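Here are the chains, one letter per residue:
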Amino acid sequence: DDDAAEGGVAHRRSGKVTRRACAHPAFRNATHDTVDRELKDAGDAMIGEALVRPSNKSCDSLAVHWMVRPGCIKVIEVLEEDKDTDASIGNRLIVKKEVYESIDELLGRFIAPMNDRVEEVQHHRKFMDKLEDEVDERLQEMKRANPKGVFYQVCWSESYPGYISLRFIMNRSCRHHTIGITPDGFLWGGKTFGNLDRLMNEFKKNPQGPGARKPASAPSQSSSSSQQSYTTATDSISRQSSSRWGSRVGSSAGGSRDSSMLVHPGSLQGMPLPPPAYNQAPPPGQPPAFNYH
């Protein structure tokens, strides 16, 4: 079974898999392959649905088979506690640290919210319903058309069922982050985001991911020569048609920067530096602007 760790850390008895006396319509006394086949054979009618069976991990756990999308099934192990008999369903069903008191509650509070997340992904402006390699090819095409831009898209992860892949290109090669779907939101680097847009905003600020070392504050510039150097640098940037990560920067006629898209250069540690024209010193406390697409 996949995601065995999601069952929690409590002690479980080992032993022969026990058939359960359970009449719930989503329960099956069946094998892993049999349940998978039932979901796939039903086609689109079972997308977003889940079936539950006795897990082969132990006699005190269940396996939930969740049909994320056509042909993709995620299996989650659920720890049972407070069982009346070996053949009964536990009165406490635990996924990680969350406790559910019935199969209905498990499906309603765990599976249903994740279906909402899947729908959010599929309707997001950055989602591409394509294979990872096809998404990377598209990113590379956009990069060739605009070498100074940073491009990103999301698609389904091919390696991890029920996960999405945030794919991006900053220089020559495509890179990616794997994003988990939970009832509470989207999990990235141990941090949960309530919606995909919030995660995208965090990505723009820190492409390395949550928990990466933040950049140090820009040093103050006290001399007139330093200030003159900064003025020359900003004039050079102003003459560019657009920045790399943010919205268009001010033109030589005196436009203002869009501060909502500004990122710290130190957040790009470990990645190749941007072109020299964008490595000029920023004003005190002000990071440079770049352009995401």
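Computed from a predicted model, the values in this text were never measured in an experiment. Every chain's residues receive numbers from 1 upward, in the order its sequence appears when written. Under the rules for a predicted model, residues below a pLDDT of 70 receive no local features and side-chain atom pairs below 80 are neither given nor counted, while totals for whole chains, interfaces and linings still include all residues. Calculated side-chain values reflect all of the structure's heavy atoms, with hydrogen atoms and water omitted.

Peer 1: Pulling in residues and values, what's your account of the sheet that holds strand E5 (residues 98-100)?
Peer 2: Two strands form a pair only when DSSP identifies at least two bridges running between them. Only DSSP runs of H or I covering at least 4 residues are called helices, and only runs of E covering at least 2 are called strands; the numbering of each starts at the N terminus. Taken together, five strands build an open sheet; the order of strands is E1-E2-E3-E4-E5 and the sheet is antiparallel. Only two strands of the sheet have a single neighbouring strand rather than two, namely strand E1 (50-54) and E5. Across the sheet, the mean angle from the axis of one strand to that of its neighbour is 30 degrees, orientation sign disregarded. Of the pairings in the sheet, the one linking strand E2 (residues 61-69) to strand E3 (residues 72-81) comprises eight bridges and is antiparallel in character. Residue pairing for E3: Trp66 is matched across the bridge by Lys74. Throughout, an axis means a line fitted to C-alpha atoms (over the contacting stretch in the case of helices), and angles, computed between N-to-C directions, take values from 0 to 180 degrees.

Peer 1: If you had to explain helix H1 (residues 32-42) to someone new, which residues and values would you point to?
Peer 2: Taken together, the buried positions of H1 are Val35, Asp36 and Leu39. Looking down the long axis of H1, one finds its buried residues gathered within 100 degrees of arc, a one-sided arrangement. The exposed residues of H1 that point more than 90 degrees off its buried face are Asp33 and Asp41. Residues of H1 that are buried in the fold lie against E1, E2 and E3. Within two residues after H1, Gly43 carries a phi angle of roughly 70 degrees, on the positive side. Using a 1.4 Å probe on the protein chains alone, a residue whose accessible area is under 20% of its type maximum counts as buried, one over 50% counts as exposed, and one in between counts as partly exposed. To obtain the arc, one takes the directions from the helix axis to the C-beta atoms. Residue contacts are defined here by distance: any two heavy atoms, one from each residue, within 4.5 Å place the two residues in contact.

Peer 1: Report on the sheet that holds strand E6 (residues 151-156), specifying residues and quantitative values.
Peer 2: Reading across the sheet, the five strands line up as E6-E7-E8-E9-E10 and stay open at both edges, with antiparallel pairing between neighbours. The sheet terminates laterally at E6 and strand E10 (191-193), the two strands that pair on one side only. Looking at each pair of strands side by side, their axes are set apart by 30 degrees on average, direction ignored. Contacts from helix H2 (residues 103-122) reach E6, strand E7 (164-169), strand E8 (174-182) and strand E9 (185-188), with the element oriented near 145 degrees to E8.

Peer 1: Describe the packing of aromatic side chains, with residues and values.
Peer 2: Note on ring pairs: Phe, Tyr and Trp rings are taken, using the six-membered ring of Trp, and paired if centres are within 6.5 Å. Classes follow the plane angle, with under 30 degrees stacked, over 60 edge-to-face and the rest tilted. Under the counting rule described, the total for this entry stands at seven aromatic pairs. Each ring, one from Trp188 and one from Phe203, has its centre 6.3 Å from the other, and the planes form 55 degrees; the classification is tilted. Within this pair, whereas Trp188 is found in strand E9, its partner Phe203 is found in helix H4 (residues 196-205), the two being separated by 15 residues in sequence. Relative accessible area serves as the criterion here: at 3%, Trp188 is assigned to the buried category. A relative accessible area of 0% means that Phe203 is categorised as buried. Every member of this aromatic cluster is reached through a ring pair, and the members are Tyr152, Phe168, Trp188, Phe193 and Phe203.

Peer 1: Could you give an account of the pairing of E3, naming the residues involved and the relevant values?
Peer 2: Summarising burial for E3: nine of the ten residues are buried, a large majority. Hairpin connection, E2 to E3: the antiparallel pair is bridged by two residues, and Gly71 has positive phi, about 80 degrees. Alignment of E3 against strand E4 (residues 92-95), held across three bridges, turns out to be antiparallel. Its bridge partner being in E4, Glu80 is matched across the sheet by Leu93.

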